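# Structural overview
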Amino acid sequence: MPRPLAEFLAEAGQPEVLRFWEQLSSAEQRLLAGSLEALEPAELRAHCEEAGRARHRHTASRPGRMEPLPPEATGSSTRSPSESLRSWRERGFHAISQNQVAVLLLAGGQGTRLGVPYPKGMYDVGLPSGKTLYQIQAERIGKVQQLAEEKLGKQCTIPWYIMTSEFTLEPTEKFFTQNNYFGLLKSNIIMFEQQMLPAVDFSGKIILEQKGKIAMAPDGNGGLYRALTNNKILEDMDRRGIRFVHVYCVDNILVKMADPVFIGFCVEKGADCGAKVVEKAYPTEPVGVVCRVDGIYQVVEYSEVSQETVEQRNADGQLTFNAGNICNHFFTVEFLKSVTEEFEPQLKLHVAVKKIPHVDEKGNVVKPETPNGIKMEKFVFDVFQFSKKFVVFEVLREDEFSPLKNADKAGSKDTPTSARQALLWQHYRWAVQAGAHFLDQRNNRIPPLNQCQGTEEPPAVCEISPLVSCEGEGLEKYLRDQEFHSPLLLTEKTVAALGQGQ
Ligand code: UTP
């Protein structure tokens, strides 16, 4: 056994990792040593000790100290005056046209609940077009660039930074190459990898998944900050002149890329950090709530709040703590620098207690029936506390948030079906608002419905390519007073034909 590895593990308090060393092939030995390469022994020791203790950590409920968001820090896509919304949109488009805006995708998760053996971004939720989440996002970026160019008469680029992990980097790269980067320039798509950390058992010992393989997991979406440093991403942003970054999750099918209104709002308010939120669907919905605790902005998890606080309402009947976090954030590059240079080590480690396959003393693989280990994760939103000027922008859930978390099965929420329906409902609403009429099989007009009724399919299937419209804009010229049979698929090609027919 090479001395440095044994010494490294002894120093980290984890010599047992090598207990099957003599039985491993040289390739397995290399892999095992390689998996720990990125870590320092002291850091590994601290991580394991902290994880071992974390299970017993008590999360206090903190009702009295929580305060809702002050109105002056809040904008709203429905409640802010239309004049303000227009001016924020213009401000956002201006920044985009100046090449100052980038989008950053968090795509390092393992997607264990969805349970497919490939990255979530490659998932096709069953839209008529068969588009994957990655393709939808790529096309939205292309469209926003085009709109900014049309508005300001200047070619521009929105670079797309994609944080991956050991699980998602290779297949994501391959998928983008196979699909010719979905029409975007390869040089403007920057993939980088987040760090992996070992899972530990309840006594703080690293879990071996196989004799020569440590159970490793990505360090959470808050691993972003470390990954920005390790991969010199902020230097790349500086080189490109980026000042504002829109960060989002891979699994929200309704995500607005580089949303000009949100960016313009944050920029005009002089914010260094901002969060988009949606109203909670019901008081006990298990989402984090953006609020202040002892005057400091943060996301408070549902589990940390008492029932009484969860149910608390204002005089107008609205829930007091209503700002559901959807993991959609604005950061200035300056703020990201301050986090990576100064605050990152202070980020809280969150504990996930999991069933982790492991080997027994004889080296046989055991699949535990009950949780046996701990994965530690950082969360991307835990940096709000370091912001000097934090703002929040409320948006409508049906316009902007439908995450893909679970596989389709009875009783599951946030599934491929719910994501597909949310998108098709949205496109149906856009088409109806633009003046389209849908016909049934007997050529009778289907009465329009504006609201999603429960979890049903929309009255007619309509999918609009983001290359045609990314927010419902510009559809009247193709759809007004026209009749269509379902399904209607609006692509650049089909709208060209519609345009000619007029
Ligand atoms: P989730 O917390 O929903 O995790 O991630 P997940 O990996 O997608 O799914 P489960 O929990 O294993 O079923 C929210 C977002 O954060 C990203 C995910 O890719 C998703 O966009 N993420 C999560 C990372 O980028 N890195 C991580 O370590 C964890």
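The structure under discussion appears in the preceding block.
It should be emphasised that the depicted structure is a prediction, and the values quoted were computed from it without experimental measurement. (Residues numbered from 1 in each chain as written. Predicted model: local features only at pLDDT ≥ 70, side-chain atom pairs only at ≥ 80, totals over all residues. Heavy atoms only, no water.)

## Quick notes on the packing of helix α4 (residues 82–97) against helix α9 (residues 260–268)
Where α4 meets α9, the axes come as close as 6 Å, and the angle between the chain directions of the two elements is 95°. It follows that α4 is roughly perpendicular to α9 by the angle criterion. For the pair formed by α4 and α9, the contact residues are Leu85, Ser87, Trp88, Arg89, Arg91, Gly92, Phe93 and Ile96 on the first element and Pro260, Val261, Ile263, Gly264, Phe265, Val267 and Glu268 on the second. Along the lines of polarity and charge, the residues of the contact of α4 with α9 split into nine nonpolar, three polar and three charged. (Axes fitted to C-alpha atoms, helices over the stretch in contact; angles between N-to-C directions. Helix = DSSP H or I, 4+ residues; strand = E, 2+ residues; numbered from the N terminus. Parallel < 35°, antiparallel > 145°, perpendicular 65-115°, else oblique. Contact = heavy atoms within 4.5 Å. Nonpolar A, V, L, I, M, F, W, Y, C, P; charged D, E, K, R; others polar.)

## Side note on the nonpolar core
One broad rule of soluble globular proteins: the nonpolar side chains tend to lie buried together. Ranked by internal contacts, the top residues of the largest apolar core, which has 49 residues, are Ile96, Tyr134, Trp160 and Phe176. If you look at the next biggest cluster of nonpolar residues, it comprises 42 residues, including Ala73, Leu104, Tyr297 and Val299. (Core = buried A, V, L, I, M, F, W, Y, C linked by side-chain atoms within 4.5 Å. Buried < 20%, exposed > 50% of the residue type's maximum accessible area, 1.4 Å probe, protein only.)

## Quick word on the sheet that holds strand β16 (residues 350–354)
What the three strands build is an open sheet, ordered β7-β19-β16; its pairing is antiparallel. The sheet is open, and its two edges are formed by β7 (200–201) and β16, each paired on a single side. Alignment of β16 against strand β19 (residues 373–377), held across five bridges, turns out to be antiparallel. The partner of Val351 across the bridge, within β19, is Met376. Sitting on the sheet, helix α3 (residues 41–54) is in contact with β7, β16 and β19, with an inclination near 115° to β19. (Pairing = 2+ DSSP bridges.)

## Quick word on helix α5 (residues 133–152)
Between its first and last C-alpha atoms α5 spans 29 Å; for 20 residues at 1.5 Å apiece the expected length is 28 Å, and the two agree. Of all the 20 residues making up α5, 14 are buried; the element is thus mostly covered by neighbouring parts of the structure. Where α5 terminates, the next one or two residues include Gly153, which has phi positive at roughly 65°. (Expected span 1.5 Å × (residues − 1).)

## Some details on the site of the ligand
Leu106, Thr112, Arg113, Gln194 and Lys405 are the nearest of the 18 residues found near the ligand. A distance of 2.6 Å separates an oxygen atom of the ligand from a polar atom in the backbone of Leu106. The backbone of Gly109 places a nitrogen or oxygen atom 3.0 Å from an oxygen atom of the ligand. For the ligand, whose accessible area on its own is 560 Å², the fraction buried by protein is 87%. Across the shell around the ligand, the residue classes break down as six nonpolar, eight polar and four charged. (Near = heavy atom within 4 Å. Polar contact = N/O pair within 3.5 Å; in protein donor to acceptor, adjacent residues only side chain to side chain. Areas by Shrake-Rupley, 256 points an atom, 1.4 Å probe, with all protein chains shown as cover.)

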